[in-house]
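These are the residues of each chain, in order.
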Amino acid sequence: ASAVPFHGEHQAGITTPAQDRLHFVAFDVITKDRARLVALLEDWSVAAARMTAGQDAGEIGAVGGIPEAPPDDTGEALGLPPSQLTLTVGFGPSLFRDADGRDRFGLADRRPAALAALPKFPGDALRPEISGGDLCVQACANDPQVAVHAIRNLARLGMGVVSVRWSQLGFGRTSSTSRDQATPRNLFGFKDGTANVKAEDPDLAEQLWVQPGDGPEWMTGGSYLVTRKIRMVIETWDRTSLGEQEALIGRSKGSGAPLGGGDEFDELDLELKGPDGEPVIAEQAHVRLAHPSQHGGARLLRRGYNFVDGSDGLGRLDAGLFFIAYQRDPRRQFVPIQTQLARHDLLNEYLRYISSGLFACPPGVRDGDDHWGRALF
Ligand code: HEM
């Protein structure tokens, strides 16, 4: 029930032990006025510091004001604890230049090279109306009402400056970001997050945080966020044999251990051959294709969530993984890994990539005088 500090060197919600619930939102900026946008980021930072501490979004509060005015908090989190709420902001490529190449807010020369539009991957069936966005906010909490309340109040504060482009609820974490957490399971029933970058890892900074000299300076201490909404065709999966499922992933479904035996956290033995002379972890197994040894050591801090958005009218659950990954440079991390998976992963038969997002998440808000994106504007 406790609070996660909002202020710090890095934004909360990245290495913070993954909470159980997500409400992710992407906004379009609808004002042309740079000052109004900066003022909103200031107001958001104040509201975010308050809400993550378990307070109302505004000082007057949901029920403290005069009867004639709308309250400065919507009220549905009254009486609820902070629930480890974190709010993490990111800036999309379109904030720097619009689709026609126009410099919208005088930011074009501050756009990071690493924030280059993602290539189109084989098999992508992206829906533009639920992809991209000028700004994003990731709200994670252990109570869904707390996460939704936070996004709703940021959207309310943004009226006239931003409009909600798309948003996504997630109900169960599919990753651990700390060695103290048990590994959860995704909707294929497999442990997910075993080999994730964890807060305690010695290569954390190298994999996750933009380092001095990487450029641009305003991103130092920040991280790049990739989101992918991946529909899972679970009805087909559920008719696949256990052995086939394990071969596709490359790990045992029960323990999460690499195929070939051992414990969940044992290193993958990619050289191991079975009695038939074939590799025990197949050439096209998901964990082999995604493994750092295939990508010059590149890893990801995965922080995704399961979703079920009801059903699709054809008798199937509209379910899957809202994939979230943080990294120091998507050009060296997400892009090569996803390219390999898109080409060779046999799991693709059960997956549909329907939304994609890329955002530059700046370093942390230092204190009450600092605000989201101060170094950028
Ligand atoms: C590992 C499932 C999509 C990157 C794993 C594991 C599972 C899994 C069960 C093994 C446990 C673990 O180490 O976490 C899935 C499912 C996906 C999906 C069901 C789609 C719905 C992706 C995507 C990427 C990705 C889109 C990145 C482009 C990785 C990486 C590992 C991994 C880097 C760790 C590999 C290692 O170092 O051993 N995934 N995954 N996965 N996955 Fe995925």
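These numbers come from a predicted model, not from an experiment.

Engineer: How should the overall build of the protein chain be read in this particular structure?
Structural biologist: Counting its regular elements, the protein chain contains 8 helices and 10 strands. A compact globule built from 377 residues should have a C-alpha radius of gyration of about 21 Å, and the protein chain, at 21 Å, falls within 12% of that. Oriented by its inertia axes, the alpha-carbon framework of the protein chain measures out at about 75 × 45 × 40 Å. For the protein chain, the residues scored as buried account for 44% of the 377 residues in total. Contacts in the protein chain between residues far apart in sequence, at least 24 positions, make up 73% of those at least 6 positions apart.

Engineer: Would you take a moment to explain the confidence of the model for the protein chain for this structure?
Structural biologist: One rule of thumb: low pLDDT means the predicted coordinates there are not for detailed reading. Looking at the protein chain as a whole, its pLDDT mean stands at 97, while 100% of the residues score no less than 70. Taken together, the chains of this predicted complex give a pTM of 0.98 and an interface ipTM of 0.98.

Engineer: What exactly am I supposed to notice about the site of the ligand here?
Structural biologist: Within the structure, the ligand sits among 28 residues, and Phe190, Thr194, Ala195, Ala290 and Leu321 are positioned closest to it. Listing elements by their share of the shell around the ligand, those giving two or more residues are strand E6 (223-232), helix H7 (286-289), strand E9 (317-327) and helix H8 (334-344). Here the shell around the ligand gets 4 residues from one element, more than from any other, and that element is H8. The class makeup of the residues in the shell around the ligand is 17 nonpolar, 7 polar and 4 charged.

Engineer: Explain the pairing of strand E8 (residues 305-311) to me, please; I cannot follow it from the model alone.
Structural biologist: Of the strand pairs in this sheet, strand E5 (residues 172-173) and E8 are connected by 2 bridges, and their pairing is antiparallel. Residue pairing for E8: Arg173 is matched across the bridge by Tyr305. Of the pairings in the sheet, the one linking E8 to E9 comprises 5 bridges and is antiparallel in character. Bridge pairing in E9 links Asn306 to Leu321. Hairpin remark: E8 followed by E9, antiparallel, with 5 residues in the connecting loop; positive phi at Gly313, about 85 degrees.

Definitions and cut-offs
- Residues numbered from 1 in each chain as written.
- Predicted model: local features only at pLDDT ≥ 70, side-chain atom pairs only at ≥ 80, totals over all residues.
- Helix = DSSP H or I, 4+ residues; strand = E, 2+ residues; numbered from the N terminus.
- Rg over C-alpha atoms; globule rule 2.2 N^0.38 Å.
- Buried ≥ 20, exposed ≤ 12 C-beta atoms within 10 Å, placed from the backbone.
- Contact = placed C-beta atoms within 7 Å.
- pLDDT = per-residue confidence, 0-100.
- Near = placed C-beta within 6 Å.
- Nonpolar A, V, L, I, M, F, W, Y, C, P; charged D, E, K, R; others polar.
- Pairing = 2+ DSSP bridges.

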